[in-house]
Each structure stands twice: as C-alpha cells, then as structure tokens.
Amino acid sequence: MTDIVDPKTRSRMMASIRPKNTKPEMRVRRYFHAAGLRFRLHTRALPGSPDIVLKRFRTAVFVHGCFWHRHPGCPKATTPRTRGEFWRKKFDANVRRDREKIEQLVEAGWVVDVVWECQTQNPDLLAALVERIKRRENQSSTQP
C-alpha cells in the first residue's frame, strides 16, 4: 500500500511530532499539579530524562506514546504497512532503550511509573497513580 500523502508532506508531519510537552504529558502534569504534587520536568541528569521527576518521592514518570513505545494490546500501537523491516527495527530499539533506562533508574534507587498515552484520558487511572505516589512517602517515613 502506498502512502496517502507525498513524501514532503509526510516529512513535515513526522517532524511536527514533539518529544516534550505533548498533550498526554500535559494532561498528567495538570493532574499531578492539581493533586498537590510538585515536580521537575525532563531531568537530564537521570537516565532517559524522565518526563516528570518527583524528587520528594524518588519517583520518575515516563509518559509514553502508545505508537512509538509499543503499548502492548493497545489499538494505537499499529505498525505501518510500508517499510515493515524499518519500523520493526525502530520500534524494537525504542522498547529496548526504554527498558534499559528504566532498569538504570531502578538500580539507582528510583521508583519508575509508565503512563501510556491512552491512559491519560482516564481520570481514575491518574487518581490511582497519584495515590500510589503519595503512599510511597508515607511508607518511607515510617521505616527506620
């Protein structure tokens, strides 16, 4: 199947995909802020430059796009029909890099949460995440 747009248009469309401050990320940030959580953004000192860093809770949050990061079982995680080998390699590299960065953060003592693009539209899931994060502070303050 051929592309429905010309190469120049496709290039412009792909170039417009932002790595930071995406709509899903902004949804999570607004929800966290409204819940009273304070955070830093895209901390380059940490592996993978997590989208949201809650230092007080020693928590790093990645907001992953379902398509680019291959959300298992999600209908948004489609694979283009053309250049299948190229896309498979690209997606495999993304997933492998994500896994490596998460492992590095965990080894450094951070708790890592991944929020998928499709989950950002569900307030119940975001509320559950906020509660998990807040419980971490309570658990760490009760330990000797």
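Everything quoted here is computed from the prediction, not taken from an experiment. Per-chain numbering applies: the sequence of each chain, read as written, is numbered from 1 onward. The predicted origin of the model limits local features to residues at a pLDDT of at least 70 and limits the giving and counting of side-chain atom pairs to 80 or more, whereas totals for whole chains, interfaces and linings rest on all residues. Only hydrogens and water are set aside when side-chain values are computed; all heavy atoms of the structure are taken into account.

Topic: the overall build of the protein chain
Then, number 1: Across its full length, the protein chain carries 5 helices and 4 strands.
Then, number 2: Put simply, DSSP H or I for four residues or longer makes a helix, DSSP E for two residues or longer makes a strand, and each gets a number counted from the N terminus. Counting from the amino terminus, the protein chain carries its helices and strands in the arrangement α-α-β-β-β-α-α-β-α.
Then, number 3: Within the protein chain, the fraction of its 144 residues that count as buried is 31%.
Then, number 4: What makes two residues a contact is simply this: any of their non-hydrogen atoms within 4.5 Å. Partitioning the intrachain contacts of the protein chain with sequence separation of at least 6 by distance along the chain shows that 54% fall at a separation of at least 24.
Then, number 5: Here, Shrake-Rupley sampling with a 1.4 Å probe gives the accessible areas, and only protein chains in the shown set may cover a residue. For the protein chain, the accessible surface area stands at approximately 9600 Å², while carbon and sulfur atoms represent 53% of it. Burial here depends on accessible area, computed with a 1.4 Å probe over protein chains only, as a share of the maximum for the residue type. Under 20% is buried, over 50% is exposed, and the range in between is partly exposed.

Things to note about the side chain of histidine 42
Then, number 1: With respect to the helices and strands, the residue histidine 42 is situated in the loop between strand E1 (40–41) and strand E2 (52–54).
Then, number 2: Under this definition, polar contacts are N or O atom pairs within 3.5 Å; protein pairs additionally need one hydrogen-donor-capable and one acceptor-capable atom, and for neighbouring residues in sequence, both atoms have to be side-chain atoms. For histidine 42, the side chain forms a polar contact with the side chain of glutamate 25, separated by 2.9 Å.

Here we look at the side chain of threonine 59
Then, number 1: With respect to the secondary-structure elements, threonine 59 resides in strand E3 (residues 59–64).
Then, number 2: A polar atom in the side chain of threonine 59 sits 3.2 Å from the side chain of arginine 136.
Then, number 3: In contact with threonine 59, not counting residues within four places along its chain, are Ile52, Val53, Leu54, Trp110, Val111, Asp113, Ile133 and Arg136.

Details of the pattern of salt bridges
Then, number 1: By definition here, a salt bridge exists when the distance from a side-chain nitrogen of Lys or Arg to a carboxyl oxygen of Asp or Glu is within 4 Å. In the structure shown here, the tally under the stated rule is 6 salt bridges.
Then, number 2: Here glutamate 117 makes a salt bridge to lysine 76, at a shortest N to O gap of 3.9 Å. One end of the pair, glutamate 117, is in the loop between strand E4 (111–116) and helix H5 (123–142); the other, lysine 76, is in the loop between helix H3 (66–69) and helix H4 (84–107), and 41 residues separate them in sequence.
Then, number 3: On the basis of relative accessibility, which here comes to 23%, the residue glutamate 117 falls in the partly exposed class.
Then, number 4: What makes lysine 76 partly exposed here is its relative accessible area of 36%.
Then, number 5: The salt bridge partner of arginine 88 is aspartate 92, with a shortest N-O separation of 3.0 Å. Of the two residues, arginine 88 and aspartate 92 both sit in helix H4, 4 residues apart, roughly one turn of that helix.
Then, number 6: Counted as one network, the salt bridges with shared partners bring together Glu85, Arg88 and Asp92.

Comments concerning the packing of aromatic side chains
Then, number 1: Within 6.5 Å between ring centres, the rings of Phe, Tyr and Trp (the latter by its six-membered ring) count as paired, and their orientation is classed by plane angle as stacked under 30 degrees, edge-to-face over 60, tilted in between. Applying the stated criterion across every chain, the model contains 8 aromatic pairs.
Then, number 2: When the centroid spacing of 6.4 Å and the interplanar angle of 70° are considered together, the rings of phenylalanine 32 and phenylalanine 39 count as edge-to-face.
Then, number 3: Among the residues examined, phenylalanine 32 registers a relative accessible area of 0% and is labelled buried.
Then, number 4: The exposure class of phenylalanine 39 is buried, given its relative accessible area of 18%.

Things to note about the sheet that holds E4
Then, number 1: Criterion used throughout: strands pair if DSSP finds at least two bridges between them. What the 4 strands build is an open sheet, ordered E1-E2-E3-E4; its pairing is mixed. Each edge of the open sheet carries a strand with a single partner, namely E1 and E4.
Then, number 2: Pairing geometry for E2 and E3, over 3 bridges, is antiparallel. When the sheet's bridge partners are listed, isoleucine 52 is paired in E3 with valine 61.

In short, the description is geometric, and any link to function would need to be established separately.
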